[in-house]
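Letter by letter, the chains look like this.
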Amino acid sequence: SMKKVMTRRSLFYKNYRYARHWKDGKIHASINQCGTVTRRYSASRPNVTQLPKRGDGVKFRKCYAPHRRDAIVCSADFSGQELRLAAYRSQDKNMLACYVGDNLKDIHSITAAGAMKLKWPSSVVSRVREQYGEDCQDDYDLFIKVRKAKDEADHKMADDLRKAAKNVNFGAQNMARAPKLSETLVMPLEDAQLFLDAREKMFPSVNEAAERASNFAKQSGYALTLMGARRHLQ
């Protein structure tokens, strides 16, 4: 898609030709401990935290090699840190169930399950409920069964819905509304609003916590990070 092409162009094709050091020909990225307004670490020149895991973009990982024969390259990654913080801040039961407990749920499948009845035609929902609904306690269980289905068409249908829900989860956590999500995710405005409505229904306490934080910032003139750092409003 055009979005994928533009992302690769801005992150890789334009930048990597200048990434090699003039003296040794190696890549020396900058790792910044407090490089963002939220105080999380970041990387720049180039951004080594955004290397593709699959597809054609994986070839950019070949740019990196250990600095000596007996060394290795270790790749570490945060797993949905914004959503984990949202779960902690809001104490939303559905979202906490994705990170705490013995039977962890998939957060993106929860949102997808909420959007399932809104996005799929009623005839399709009725069919999958009849076909996969045995022993399902709720829509989440049903969606997981459809996503694990041996039928390739049903599996892809559920997997595509989860991918869209994943993008909406991260976008909405950064306060993106339907028009912005529609633009960045290349989906109809109605679908973007549909996913937002489904997410709010499945995680009701998250928006309430965000509203409290917003009101606090407006009243005090600053926001607090989890570790207590103040970010003053401009």
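A. The overall build of the chain, seen in detail. In terms of regular secondary structure, the chain is built from 10 helices and 4 strands. Starting at the N terminus and ending at the C terminus, the chain contains elements arranged as α-β-β-α-α-α-α-α-α-α-α-α-β-β. Expressed along its principal axes, the backbone C-alpha trace of the chain runs to roughly 65 × 50 × 40 Å. Each of the 234 residues in the chain was classed as buried or not, and the buried ones make up 32%. A separation threshold of at least 6 residues defines the contact pool for the chain, and within that pool the share at least 24 residues apart is 48%. As displayed, the chain has an accessible area near 16300 Å², and 51% of this comes from carbon and sulfur atoms. Each charge class in the chain was averaged separately, 43 positive and 26 negative side chains, and the resulting centres sit 12 Å apart.

B. Main features of the environment of Gln173. As for its position among the elements, Gln173 is in helix 7 (residues 152-173). It is 26 Å that separates the C-alpha atoms of Gln173 and Gly57, two residues lying 116 residues apart in sequence.

C. Representation of the pattern of salt bridges in the model. If you walk through the whole model with that rule in mind, you get 9 salt bridges. Its salt-bridge partner being Arg162, residue Asp106 comes within 2.7 Å of it at the nearest N-O pair. Of the two residues, Asp106 is situated in the loop between helix 3 (93-96) and helix 4 (107-119) and Arg162 in helix 7; the sequence distance between them amounts to 56 residues. Asp139 is paired through a salt bridge with Arg129; the nearest N and O atoms lie 3.4 Å apart. In this pair, Asp139 sits in helix 6 (residues 139-147) while Arg129 sits in helix 5 (residues 122-132), placing the two residues 10 residues apart along the sequence. Take Arg129: its relative accessible area is 37%, and that puts it in the partly exposed class. Because the salt bridges share partners, they merge into one network encompassing Lys117, Arg129 and Asp139.

D. Representation of helix 9 (residues 189-202) within the structure. The end-to-end C-alpha distance of helix 9 is 20 Å, a good match for the 20 Å that 14 residues give at a rise of 1.5 Å each. Considered for burial, the residues of helix 9 that qualify are Asp191, Ala192, Leu194, Phe195, Leu196, Ala198, Arg199 and Met202. Against the buried residues of helix 9 lie helix 2 (81-90), helix 3, helix 4, helix 7, helix 8 (178-184) and helix 10 (204-220).

E. Looking closely at the packing of aromatic side chains. Summed over all chains, the structure comprises 2 aromatic pairs. Look at Phe216 and Tyr222: their rings are 5.5 Å apart centre to centre, the planes differ by 90°, and that puts the pair in the edge-to-face class. Given the relative accessible area of 14%, Tyr222 is considered buried. The ring of Tyr140 carries the charged tip of Lys105 above its face, separated from the ring centre by 5.2 Å. Here the guanidinium or amino end of Arg230 rests over the ring plane of Tyr222, the centre of that ring lying 4.1 Å away.

F. Up close: a nonpolar patch on the surface. Taken together, the side chains of Leu85, Tyr88, Leu226 and Met227 define a hydrophobic patch exposed on the protein surface, amounting to about 480 Å² of accessible area. Among the secondary structure elements, Leu85 is positioned in helix 2. Accessibility expressed as a relative area gives 39% for Leu85, which makes it partly exposed.

G. View of the confidence of the model for the chain. Scored by pLDDT, the chain comes out at a mean of 87, with 99% of its residues at no less than 70. When pLDDT is averaged over each helix and strand of the chain, the minimum, 78, is found for helix 1 (residues 2-13) and the maximum, 95, for helix 6.

H. Fine view of the side chain of Arg162. A residue is classified by how much of its surface remains accessible, and Arg162, at 15% relative accessible area, is buried. Beyond its immediate sequence surroundings of up to four residues, Arg162 is in contact with Asp106, His108, Ser109, Ala112, Phe143 and Arg147.

The rules we used
- Residues numbered from 1 in each chain as written.
- Predicted model: local features only at pLDDT ≥ 70, side-chain atom pairs only at ≥ 80, totals over all residues.
- Heavy atoms only, no water.
- Helix = DSSP H or I, 4+ residues; strand = E, 2+ residues; numbered from the N terminus.
- Buried < 20%, exposed > 50% of the residue type's maximum accessible area, 1.4 Å probe, protein only.
- Contact = heavy atoms within 4.5 Å.
- Areas by Shrake-Rupley, 256 points an atom, 1.4 Å probe, with all protein chains shown as cover.
- Lys, Arg positive; Asp, Glu negative; His and termini not counted.
- Charge placed at Lys NZ, Arg CZ, Asp CG, Glu CD.
- Salt bridge = Lys/Arg side-chain N within 4 Å of Asp/Glu carboxyl O.
- Expected span 1.5 Å × (residues − 1).
- Phe/Tyr/Trp six-rings, centres within 6.5 Å; stacked < 30°, edge-to-face > 60°.
- Lys NZ or Arg CZ within 6 Å of the ring centre and 35° of its normal.
- Patch = residues over 30% accessible without salt bridge, like charges linked within 9 Å, V, L, I, M, F, W, Y side chains within 5 Å.
- pLDDT = per-residue confidence, 0-100.

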